Amino acid sequence: MPADPVKELAASLAEATGAELELERPADVEHGDYATNAALQLAGARRRAPREIAAEIADTAAGLEVVERAEIAGPGFVNLFLRDEWFAGAVGGILDDGDGYGGGGAHERTRVQVEMVSANPTGPLTVASARNGAYGDAVARLFALTGHEVEREYYYNDSGAQMDRFRASVEAVRRGEEPPEDGYRGAYIDDLAALKGDPVPLMLKEIEASLDRFRIHFDTFRRQSELEQRLPELLPRLDTYEKDGALWARSSAYGDDEDRVLLRSDDRTPTYRAADVAYLVDKLERGFDRAIYVLGADHHGTRNWYAAVARMLGYDPARVEVLLYQLVHLTRGGEQTKMSKRRGDVVFLDEFVNEIGVDAARWYLVNRGPDQTIEVDVDLAAERSQKNPVYYVQYAHARIAGILRNAPENASNKLSLSGSLATEERELVKRLAELPGVVADALAKRGPQAVPAYAIRVADDFHRFYHEHRVLESEQEVFRLGLCLATQRVIATCLELVGVEAPDRM
RNA sequence: GCGCCCGUAGCUCAGUGGACAGAGCGGCGGACUUCUAAUCCGCGGGUCGGAGGUUCGAAUCCUCCCGGGCGCACCA
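On to the overall build of chain A. Helix and strand counts for chain A come out as 19 helices and 14 strands. Taken along its principal axes, the extent of the C-alpha atoms in chain A is 80 × 55 × 40 Å. In chain A, which comprises 506 residues, the share counted as buried stands at 54%. Across chain A, the fraction of contacts at a sequence separation of at least 24, relative to all contacts at a separation of at least 6, is 72%. For chain A, the computed accessible surface area is about 23,000 Å², with 46% contributed by carbon and sulfur atoms. Across chain A, the 61 positively charged side chains and the 85 negatively charged ones have centroids separated by 2 Å.

This part covers the sheet that holds strand S7 (residues 240-243). Strand pairing in a sheet relies on backbone hydrogen bonds, with the paired strands running either antiparallel or parallel. Taking strand neighbours across the sheet as the criterion, the 3 strands line up as S7-S8-S9 in an open arrangement whose pairing is antiparallel. The open sheet has two free edges, formed respectively by S7 and strand S9 (260-263), since each of these has just one partner strand. Direction aside, neighbouring strands of the sheet carry axes that sit 45° apart on average.

Next up on the list: the pattern of salt bridges. According to the stated counting rule, one finds 45 salt bridges in the structure shown. Two residues, arginine 215 and aspartate 359, come together in a salt bridge whose shortest N-O distance is 2.7 Å. You can see arginine 215 sitting in the loop between helix H8 (199-213) and strand S6 (220-223) and its partner aspartate 359 sitting in helix H13 (residues 349-367), a full 144 residues away along the chain. Neither arginine 215 nor aspartate 359 differs from the other in exposure class; each is buried. Residues aspartate 239 and arginine 250 are paired through a salt bridge, measuring 3.1 Å at the closest nitrogen-oxygen approach. Taken together, the residues span a long stretch of sequence, with aspartate 239 in the loop between helix H10 (231-234) and S7 and arginine 250 in the loop between strand S8 (246-249) and S9 at a distance of 11 residues. Residue classification places arginine 250 among the partly exposed positions, given a relative accessible area of 31%. Bridged by salt links that share partners, the residues Arg25, Asp33, Asp84, Arg426, Glu427, Lys430, Arg431, Glu434, Arg457, Asp460, Asp461 and Arg464 form one connected network.

Moving on to the nonpolar core. Judged by nonpolar contacts, the single largest core of 126 residues is most densely connected at Leu23, Tyr154, Phe166, Phe214, Phe352 and Leu365. With 11 residues, the single largest contributor to this core is helix H19 (residues 477-498). In this structure, Leu238, Leu247, Ala249 and Leu324 belong to the second largest nonpolar core, which totals 31 residues.

By the element assignment, arginine 213 lies in helix H8. The spatial distance from the C-alpha of arginine 213 to the C-alpha of threonine 36 is 46 Å, given a sequence separation of 177 residues. Those residues within four positions of arginine 213 in sequence are excluded, and the remaining contacts are Asp350, Val353, Asn354 and Val358.

Right, let's get into the side chain of histidine 148. You can see histidine 148 is positioned in the loop between helix H5 (127-145) and strand S5 (149-156). Taking the relative accessible area as the measure of exposure, histidine 148 reaches 11% and is therefore buried. Of the polar contacts made by the side chain of histidine 148, one reaches the backbone oxygen of glutamate 108; its length is 3.4 Å. Non-local contacts of histidine 148, meaning those with residues more than four positions away in its chain, are made with His107, Glu108, Arg109, Thr110, Val112 and Phe143.

The next subject is the protein's contact with RNA strand B. In the vicinity of RNA strand B, 62 residues are found, and the nearest of them are Arg264, His300, Tyr395, Arg399 and His469. Backbone sugar and phosphate groups make up 64% of those atoms of RNA strand B lying within 4 Å of the protein. Side-chain polar atom of glutamine 372 to a phosphate oxygen of RNA strand B: 3.0 Å apart, as the coordinates give it. At 3.4 Å from a sugar or linking oxygen of RNA strand B is found a main-chain nitrogen or oxygen belonging to glycine 402. Broken down by secondary-structure element, the contributors of at least two residues to the surface near RNA strand B are helix H2 (38-46), strand S3 (77-82), S8, helix H11 (272-285), strand S14 (374-377), helix H15 (389-405) and helix H18 (450-468). Taken together, the residues that form the surface near RNA strand B break down as 21 nonpolar, 22 polar and 19 charged.

What the domain assignment reports for chain A is domain 1 (5-82), domain 2 (111-156 + 207-384) and domain 3 (388-498). On the domain 3 side, the residues contacting the 23 residues of domain 2 number 21 residues. Of the roughly 1,900 Å² buried between domain 2 and domain 3 on both sides combined, carbon and sulfur atoms contribute 67%. For the interface between domain 2 and domain 3, the tally reads 2 salt bridges.

With that settled, consider the sheet that holds strand S11 (residues 320-325). Spatial ordering of the open sheet is given by S6-S5-S4-S10-S11, a layout of 5 strands whose pairing is parallel. A single partner strand is all that each edge strand has here, and the edge strands are S6 and S11. Ignoring strand direction, the axes of neighbouring strands in this sheet form an average angle of 25°. In terms of strand pairing, strand S10 (residues 290-296) meets S11 through 6 bridges, oriented parallel. Pairing of tyrosine 293 across the sheet is with valine 322, part of S11. Contacting strand S4 (111-115), S5, S6, S10 and S11, H11 runs over the sheet at an angle of about 145° to S10.

Glancing now at the layout of surface pockets. The computed volume of the second largest pocket comes to approximately 920 Å³. Around the second largest pocket sit 37 residues that line it, and Asp4, Val6, Lys7, Glu22 and Leu23 are the ones nearest its centre. Elements supplying a minimum of two residues to the lining of the second largest pocket: helix H1 (5-17), strand S1 (34-36), H2 and helix H17 (435-445). For the lining of the second largest pocket, the class distribution of residues is 18 nonpolar, 10 polar and 9 charged. Counting contributing residues per domain, the lining of the second largest pocket is built from domain 1 (5-82) and domain 3 (388-498), each supplying no fewer than three.

Tallying each qualifying case throughout the model produces 15 aromatic pairs. For the pair tyrosine 241 and tryptophan 248, a centre-to-centre distance of 6.3 Å together with 10° between the ring planes defines the contact as stacked. Here tyrosine 241 matches tryptophan 248 in class, with each residue buried. Ring plane angle 45° and centroid distance 5.9 Å describe the contact between phenylalanine 462 and tyrosine 466, whose orientation is recorded as tilted. Here phenylalanine 462 and its partner tyrosine 466 are both found in helix H18, 4 residues apart, which amounts to about one turn of the helix. Relative accessible area serves as the criterion here: at 0%, phenylalanine 462 is assigned to the buried category. Grouped by ring-pair contacts, the aromatic residues Tyr154, Tyr156, Phe218 and Phe221 constitute a single cluster. Over the ring of phenylalanine 288 we find arginine 111, and its NZ or CZ is 4.5 Å from the ring centre. The aromatic ring of tyrosine 293 is capped on one face by lysine 283, whose charged end is 3.6 Å from the ring centroid.

Thresholds applied
- Residues numbered from 1 in each chain as written.
- Chains lettered and ligands numbered in written order.
- Predicted model: local features only at pLDDT ≥ 70, side-chain atom pairs only at ≥ 80, totals over all residues.
- Heavy atoms only, no water.
- Helix = DSSP H or I, 4+ residues; strand = E, 2+ residues; numbered from the N terminus.
- Buried < 20%, exposed > 50% of the residue type's maximum accessible area, 1.4 Å probe, protein only.
- Contact = heavy atoms within 4.5 Å.
- Areas by Shrake-Rupley, 256 points an atom, 1.4 Å probe, with all protein chains shown as cover.
- Lys, Arg positive; Asp, Glu negative; His and termini not counted.
- Charge placed at Lys NZ, Arg CZ, Asp CG, Glu CD.
- Pairing = 2+ DSSP bridges.
- Axes fitted to C-alpha atoms, helices over the stretch in contact; angles between N-to-C directions.
- Salt bridge = Lys/Arg side-chain N within 4 Å of Asp/Glu carboxyl O.
- Core = buried A, V, L, I, M, F, W, Y, C linked by side-chain atoms within 4.5 Å.
- Polar contact = N/O pair within 3.5 Å; in protein donor to acceptor, adjacent residues only side chain to side chain.
- Near = heavy atom within 4 Å.
- Nonpolar A, V, L, I, M, F, W, Y, C, P; charged D, E, K, R; others polar.
- Domains from an automatic or database assignment.
- Buried area = accessible area lost by both parts, 1.4 Å probe.
- 1 Å grid on protein atoms, 1.4 Å probe; cavity = no way out; pocket = protein on both sides within 12 Å on 5 of 7 lines; lining within 4 Å.
- Points joined across faces, edges and corners; volume = space filled by probe spheres on them.
- Phe/Tyr/Trp six-rings, centres within 6.5 Å; stacked < 30°, edge-to-face > 60°.
- Lys NZ or Arg CZ within 6 Å of the ring centre and 35° of its normal.

Structure below.
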């Protein structure tokens, strides 16, 4: 079972106290290395004074080998001060875990599918799609780290009105004409016109190349035209009715906001919503315990639709999950740029990456919570790239690599101590010990922004330690080398989760 | 009108029940003969949109109000 030094400490305390208890790092060092508010929470249920319960917890804690002393504070907090041996043990545990550190323990392994990006191939990917991918991929990576089996899928519409307009636009240019009024235009249309054949697969190939460069890799692709084949078999299984010549799904009776049209009144062709039905069945039949849709906030109106379809067909709606993220606003020198594929002034993912690089781009796009609209000044992001926090974190990784290049090769996870640990060392260890909690929390909330925020804190603590203490040829060399290795591992894991490289030199 | 999201330092944002609210950028002032100064240290900066309520304790939970964004297609 992967290490979680803090949880282990909490568990040994809970065992003796007979109550669940959580440890947190107090903001003030005067309040110890860790503190618990368990007494305050238990007081009500047990009808006892908080400080009385706190005294019992403190007594138990003081009896633990790794606890130097325990104090009762304020209304009933218990503050723990730990011995150096605990810190050495924590670092050893992290090193024992290797790449798996942060994954936490005892999870049921499930099969998860994350469907993301799924932009229709009518043009290059925009920055909005990039956020979809950066967010979805970060969530996928969190699932993977915690021991789940994850597959990434891209779904696209290869038929229908939009695709017709797209194809017609390219054809028009090939004939030397202007694209139709409601068509697509721009340099990329001209480029596609210069090539032969159906522009849809050509465009899709370009999109794949952009995503590959953006470090997002799909396991599978699904096409709408293919899925629609199954509709004759599936539609009769739904709760439907005829109205105004169209076929409607009675989805409002299954938790959706409204009913949806499945077959159009004019020609009885299937709508996108109908294809959704086939696609959902396709996903669930493939045996995923959880099917995750990553959608832009402009699609929030259909958030309840997918679970409604699952219910209608007798599947457990808990297997279906919709993740929403707010839009991205790009500015250039303060001027808003419009994000429409129809005009020439869009900002594409490739342009974005050209200007600020993959590392900064991915960092920027997961750095904010999904509910927060992102505002990126492209000029500023490119210009200030050296001051971007992503480089601050990468630099810590590179600095450690530098130390390790010069270090003797006597790696052992049993870290002996010579003399007492300094404040910077203890703070850094406690920071590293937070990773399993950060990861678990980020996954539970589907909020990967916690990872880069934490990575900054790790880099912060490391840089401070580095500034104050020498590693090589110091009294504490053995412990400090272990601490450096553990720090490097934690930073590498955080960057990996965000999709950013961890360089050995900068 | 209805629904979802947001409102925290000059700017961009972390922070969903705990002890004096945080970071980056921007401003000012310091620190390199050392394992990388892309670093470190210090200073200044906030009625957490507003008003009530729940709680021992609220930026965080509930209600109302104000402001901004996005939806409310037989487009996807």
